[in-house]
Amino acid sequence: MPEIALEVSKIFAGYVPDLPILRGVSVKVKSGSLNVVIGPNGAGKSTLIKAIVGLVPVSKGRILLGGKEMGGIKPHLIARHRISYVPQIDNIFRTLTVRQNLELALRSSDRNTNERLTELLIKFPILSEKMKEKAGALSGGQRQFLAVAMALATYPDIILMDEPSAGLAPKAAQEILELLRELSNSGVAILLIEQNVNQALRLADHCYILAEGRNQVDGEASKLLNDPIVGEIYLGGKRLRAGG
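A brief report on the enclosed structure follows. Throughout, a residue's number is its position along its own chain's written sequence, starting from 1. Given that this is a predicted model, residues contribute local features only at a pLDDT of at least 70 and side-chain atom pairs are listed and counted only at 80 or more, while totals for whole chains, interfaces and linings are drawn from all residues. Think of the side-chain values as coming from all heavy atoms in the structure, minus any hydrogens and water.

1. Here's the deal with the overall build of the protein
A run of DSSP states H or I qualifies as a helix once it reaches four residues; a run of E qualifies as a strand once it reaches two. Both are numbered from the N-terminal end. Helix and strand content of the protein: nine helices and ten strands. Here the radius of gyration uses the C-alpha set of atoms, whereas the globule reference equals 2.2 Å times the residue count to the power 0.38. Computed over the C-alpha atoms, the radius of gyration of the protein is 18 Å, within 12% of the 18 Å expected from 2.2 N^0.38 for a compact globule of 244 residues. Its C-alpha atoms give the protein principal-axis dimensions of about 55 × 35 × 35 Å. A burial count over the protein gives 48% of its 244 residues as buried. All accessible-area figures derive from a Shrake-Rupley calculation using a 1.4 Å probe, and residue coverage is judged against the displayed protein chains alone. Split by element, the accessible area of the protein, about 12,000 Å² in all, is 49% carbon and sulfur. Charged-residue counts in this description rest on Lys and Arg as positive and Asp and Glu as negative, His and the chain ends being excluded. Lysine's charge is taken at NZ, arginine's at CZ, aspartate's at CG and glutamate's at CD. Where the 30 positive side-chain charges of the protein centre and where its 24 negative ones centre are 4 Å apart. Burial classes: relative accessible area under 20% of the type maximum marks a residue as buried, over 50% as exposed, and values in between as partly exposed (1.4 Å probe, protein chains only).

So, in structure tokens, the structure goes:
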């Protein structure tokens, strides 16, 4: 993959024509980096990821994957572009077993599925112990591990995740975020929407802050960790307008 795995340039996107939720949002994701998008409720964070994978119409702007235009991507074909998307909810099939979930994900792989299944179970040993159990019976953290394993099934270059730690116990949330850090260190680019701001900023390489559908601040995550502007944006007192 090129140095810039994914580039979102000044996109306008929304569910209703002429009423964009995102208004000129830009993001760059380097290969092998962990990037977090934060912001108050209604900032457009989830809309950003859904726009990238074709679930929300984009009316203006460009989305480039490895320097190539991605316009009009079909959501069910994103694996062919070496992208995996993990939504916040409904990211596993609860009524199916763990094995069945993994086998469904592996159907989109163009490589040896048995070999990949073995690799995934080595990486996620807890899942190897639960293969015959219904996915809905797993703990919250185990379900997220399963969702990440399914995302990895097709050897993605980029993983997009929407609030993976939401609703998890603190220990499980930390384990998920540390797993994402490990994956990015291995070369997978990750764009993450996260509500656990402090922990995410400690682990991420780069951070984008959105509010009211616009970029507010972006920079090195560790440097934003103690920046008062982060708190000001969350509290609603500070906004940067277009051109200001």
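2. Observations concerning the sheet that holds strand β6 (residues 83-86)
Any two strands are treated as partners once DSSP identifies two or more bridges connecting them. Reading across from one edge, β6-β7-β8-β3-β9-β10 is the order of the six strands in this open sheet, with mixed pairing throughout. Among the strands making up the open sheet, the edge pair consists of β6 and β10 (214-220). When strand polarity is set aside, the average angle formed by the axes of neighbouring strands in this sheet is 15°. Sheet strands touched by helix α1 (residues 45-52): β3 (34-38), β6, β7 (158-162), β8 (189-193) and β9 (206-211). Its angle to β7, the strand with the most contacts, is close to 145°. Every angle, taken between N-to-C directions, lies between 0 and 180 degrees, and every axis is a line fitted to C-alpha atoms, over only the stretch in contact when it is a helix. Contact definition: two residues touch when any of their heavy atoms are within 4.5 Å.

3. Some words on the sheet that holds strand β2 (residues 22-30)
Across the sheet, four strands lie side by side as β2-β1-β4-β5; this open sheet has antiparallel pairing. The outermost strands of the open sheet, each flanked by one partner alone, are β2 and β5 (68-69). Across the sheet, α1 is in contact with β1 (4-13), β2 and β4 (58-65); its angle to β1 comes to roughly 115°.

4. Remarks on unusual backbone geometry
One non-glycine residue with positive phi stands out, namely Lys 10, at about 50°. By the secondary structure assignment, Lys 10 is in strand β1. Judged by relative accessible area, which is 59%, Lys 10 ranks as exposed.

5. Structural notes on the side chain of Asn 101
Structurally, Asn 101 is set in helix α2 (residues 98-106). When residues no more than four places from it in sequence are discounted, the contact partners of Asn 101 are Ile 92, Phe 93, Leu 96, Ala 135, Leu 146 and Met 150.

6. Details of the nonpolar core
Within the largest apolar cluster, 52 residues are counted, with the highest numbers of intra-cluster contacts made by Leu 102, Phe 124 and Leu 146. Once residues within four sequence positions are removed from consideration, Leu 102 is found in contact with Leu 117, Leu 120, Leu 121, Met 131, Leu 146, Ala 149 and Met 150. Throughout this description, the term nonpolar core refers to a set of buried Ala, Val, Leu, Ile, Met, Phe, Trp, Tyr and Cys residues connected via side-chain atoms within 4.5 Å. Counting 31 residues, the second largest nonpolar core, distinct from the first, contains Val 27, Val 29, Val 37 and Leu 210.

7. A look at the pattern of salt bridges
Throughout this description, the term salt bridge denotes a Lys or Arg side-chain nitrogen within 4 Å of a carboxyl oxygen of Asp or Glu. Enumeration over the complete set of coordinates arrives at nine salt bridges. Among the salt bridges present, the one from Lys 130 reaches Glu 133, with a minimum N-O distance of 3.9 Å. A relative accessible area of 32% means that Glu 133 is categorised as partly exposed. Its salt-bridge partner being Glu 220, residue Lys 223 comes within 3.7 Å of it at the nearest N-O pair. When its relative accessible area of 62% is taken as the criterion, Lys 223 is described as exposed.

8. Digging into a nonpolar patch on the surface
To count toward a patch, a residue needs a relative accessible area above 30% and no salt bridge. Like charges then connect within 9 Å, nonpolar side chains (Val, Leu, Ile, Met, Phe, Trp, Tyr) within 5 Å. A surface patch of nonpolar side chains, about 310 Å² in accessible area, is lined by Tyr 15, Val 16 and Leu 19. Within the secondary structure, Tyr 15 sits in the loop between β1 and β2.

9. Considerations on the packing of aromatic side chains
A pair of Phe, Tyr and Trp rings is counted when the ring centres sit within 6.5 Å of each other, with Trp represented by its six-membered ring. The angle between the planes then sorts it: under 30 degrees is stacked, over 60 is edge-to-face, the rest tilted. Following the criterion strictly, the structure yields one aromatic pair and no others. Note on geometry: a ring has a charge over it if NZ (lysine) or CZ (arginine) is within 6 Å of the ring centre and within 35 degrees of the ring normal. The residue whose ring lies beneath Lys 60 is Phe 12, and the NZ or CZ to ring-centre distance is 5.2 Å. Positioned above the aromatic ring of Tyr 155 is the side chain of Arg 116, whose terminal nitrogen or guanidinium carbon lies 4.0 Å from the ring centre.

Without other data, these values stay purely geometric and don't point to any function.
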